[in-house]
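Structural overview for review
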Amino acid sequence: MSEPAAAIRLTRLPSGLIVVTERMERVETVSLGAYVAAGTRHETAAENGVSHFLEHMAFKGTERRSAAGIAEEIEAVGGQINAYTAREQTAYYVKVLKEDLALGADIIGDILTHSTFAPEELERERGVILQEIGQANDTPDDIIFDHFQETAYPAQAMGRPVLGREDIIRALPREALMGYMRRHYTAANTVLAAAGNLDHEQVVELAARHFADLPASATPGADPGLYAGGEFREERDLDQVHIVLGFPSVAYGDPEYFPTMLLSTLLGGGMSSRLFQEVREKRGLVYSIYSFTAPALDGGLFGIYAGTGEDGAKELVPVTLDELRRVQHDVTEVELSRARAQVKAGLLMSLESTGSRCEQLARQLQVFGRIVPTQETVARINAVSIADVQRAAARQFRAAPTLAALGPAGHVPGLPHIADRLAA
């Protein structure tokens, strides 16, 4: 459960770049990733989607490699390369056999410091992203979360879609991408994390060589997320109405972070959860229902998603609200123990993945400024009591709600009804 003291090592280069590694001797691979503390919430309204656009363009050619060359080099050694954009982070990572670590570091460093943003590649990828936005808009159980986020955080960066808006992406110039990258892709704003069968000193040497051209300038911060809440509904001719009901929740460092995680698990985190059993198994109202937490550096969201038929919403929403009321004063030790086991198992199973370990190391450094030992996390999960979970539920479910509904939403109760039923 615990990490050997020598397994995890950290070095800060003179540029400010942090290099953190975890040695896993029983594997034959290494995962390496550059995690940049910049995402959707760091964008201005006029450049919404630039973080995601940059993620795409990183693989479209550098001064030394063509777009095809990047793919061919990594796949020639059986490796994998990918990236993702989130609201507070953008990540670029590879997984390779241990003997190909140098190649992986070279490629990631190259795309972060020497991408060319060739105009023809940019226009081609602009079209790809517009297709991605169109696909998301045509996927109601996907786009509903964008509507939920924007309603919770209206007219601010935390509420804008990660993919960006179609009109902005169409007009976003090459200079906007390059300027955003110069401002945010700095050494001090990046963590280079690696996990697997590796040598720390080799990774440090590779970092110094391949990431030397990351700017050493200061990085602009992000505006605070100001939760407002409210209601969004859009009538569409669909077989199901897709609903997300949510509330303001806790940040990563909040004392109620772990009680909230266990609350989400026992309420809607699996087949044995209250909502799954009551709404799907007993009443047959849905195919899918679950709860989720979305923590951030300065706040977060707690939400419940469900999809149901037009008439099913009449029963679904009141039943869900009743469960939110009940969990504030009625939690059993059996279900709390089951939730603890689920959360701990998920944590410990993730330790077997080199990619997951990379991501955890980088996230912990960027959120907490330190590596959090696994035994510390497990101890905090074990320490959560029934009273802690009930207190977390009361804190969140008595706050102003956010409702997003998409589809035949005529029977979805509005916010006044929801607020009244939660207060009853």
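Everything below is about the structure printed above this text.
Residues numbered from 1 in each chain as written. Predicted model: local features only at pLDDT ≥ 70, side-chain atom pairs only at ≥ 80, totals over all residues. Heavy atoms only, no water.

Let us now look at the pairing of strand E8 (residues 241–249). As a general feature of sheets, a regular strand has side chains that alternate between the two faces. When you tally the buried positions in E8, you get eight out of nine residues, the bulk of the element. Inspection of the sheet shows E8 paired to strand E10 (residues 300–308) by nine bridges, in the antiparallel sense. The residue of E10 that forms the bridge with Val-241 is Thr-308. Here E8 pairs with strand E11 (residues 402–407) via five bridges, running antiparallel. The residue of E11 that forms the bridge with Leu-245 is Leu-403. (Buried < 20%, exposed > 50% of the residue type's maximum accessible area, 1.4 Å probe, protein only. Helix = DSSP H or I, 4+ residues; strand = E, 2+ residues; numbered from the N terminus. Pairing = 2+ DSSP bridges.)

Moving on, we get to the packing of helix H10 (residues 274–282) against helix H11 (residues 313–326). To characterise two packed helices, one gives the angle between the axes of the helices and the distance between these axes. Put simply, H10 and H11 touch, their axes get as near as 11 Å, and they point 155 degrees apart. The angle between H10 and H11 falls in the class roughly antiparallel. Handedness of the crossing formed by H10 with H11: right-handed. Contacts between H10 and H11 involve Arg-274, Leu-275, Glu-278 and Val-279 on the former and, on the latter, Leu-316, Val-319, Thr-320, Glu-323 and Arg-326. When its residues are assigned to classes, the contact of H10 with H11 shows four nonpolar, one polar and four charged. (Axes fitted to C-alpha atoms, helices over the stretch in contact; angles between N-to-C directions. Parallel < 35°, antiparallel > 145°, perpendicular 65-115°, else oblique. Left-handed = near helix turned anticlockwise from the far one by under 90°. Contact = heavy atoms within 4.5 Å. Nonpolar A, V, L, I, M, F, W, Y, C, P; charged D, E, K, R; others polar.)

Glancing now at the sheet that holds strand E4 (residues 80–85). Here six strands make up an open sheet; going across it, the order is E1-E2-E6-E3-E5-E4 and the pairing mixed. Each edge of the sheet is formed by a strand with only one pairing partner; in this case those strands are strand E1 (8–12) and E4. Looking at each pair of strands side by side, their axes are set apart by 15 degrees on average, direction ignored. Pairing geometry for E4 and strand E5 (residues 90–97), over six bridges, is antiparallel. The residue bridging Tyr-84 from the neighbouring strand is Ala-91, located in E5. In this fold helix H3 (residues 101–113) packs onto strand E3 (29–36), E4 and E5, with an angle of close to 160 degrees to the strand it touches most, E5.

This next bit is on the pattern of salt bridges. Overall, the coordinates contain 35 salt bridges when judged by the stated rule. With a shortest N-O distance of 2.6 Å, Arg-357 and Glu-22 are connected by a salt bridge. Of this pair, Arg-357 sits in helix H13 (residues 354–368) while Glu-22 sits in strand E2 (residues 18–23), and the two are 335 residues apart along the sequence. A salt bridge links Glu-150 to Arg-165; the shortest N-O distance between them is 2.9 Å. With a gap of 15 residues between them, Glu-150 in helix H5 (residues 140–152) and Arg-165 in the loop between H5 and helix H6 (166–171) connect regions that are remote in the sequence. Taking relative accessible area as the criterion, Arg-165 reaches 31% and is therefore assigned partly exposed. Residues joined in a network through salt bridges with shared partners are Arg-64, Arg-65, Glu-73, Asp-106 and Asp-110. (Salt bridge = Lys/Arg side-chain N within 4 Å of Asp/Glu carboxyl O.)

Glancing now at the pairing of E1. Relative to E2, E1 runs antiparallel, the two being bridged by five bridges. By the bridge assignment for E2, Leu-10 is matched with Val-20. The antiparallel hairpin formed by E1 and E2 contains five residues in its connecting segment, where Gly-16 sits at a positive phi of about 105 degrees.

Residue pairs spaced three or four apart in an α-helix point in one direction, given the helix's 3.6 residues per turn. Given a rise of 1.5 Å per residue, 14 residues ought to cover 20 Å, and the 20 Å separating the end C-alpha atoms of H11 matches this to within 8%. Where H11 is concerned, the buried positions are Ala-313, Leu-316, Val-317, Pro-318, Val-319, Thr-320, Leu-321, Glu-323 and Leu-324. (Expected span 1.5 Å × (residues − 1).)

Right, let's get into the packing of helix H1 (residues 50–57) against helix H7 (residues 174–184). In contact at an axis separation of 10 Å, H1 and H7 are set at 95 degrees when each is read in the N-to-C sense. On the basis of their axis angle, the class for H1 and H7 is roughly perpendicular. The residues of H7 that touch H1, namely those facing Val-50, Ser-51, Phe-53, Leu-54 and Met-57, are Ala-176, Leu-177, Tyr-180 and Met-181. Partitioned by chemical class, the residues of the contact of H1 with H7 number eight nonpolar, one polar and no charged.

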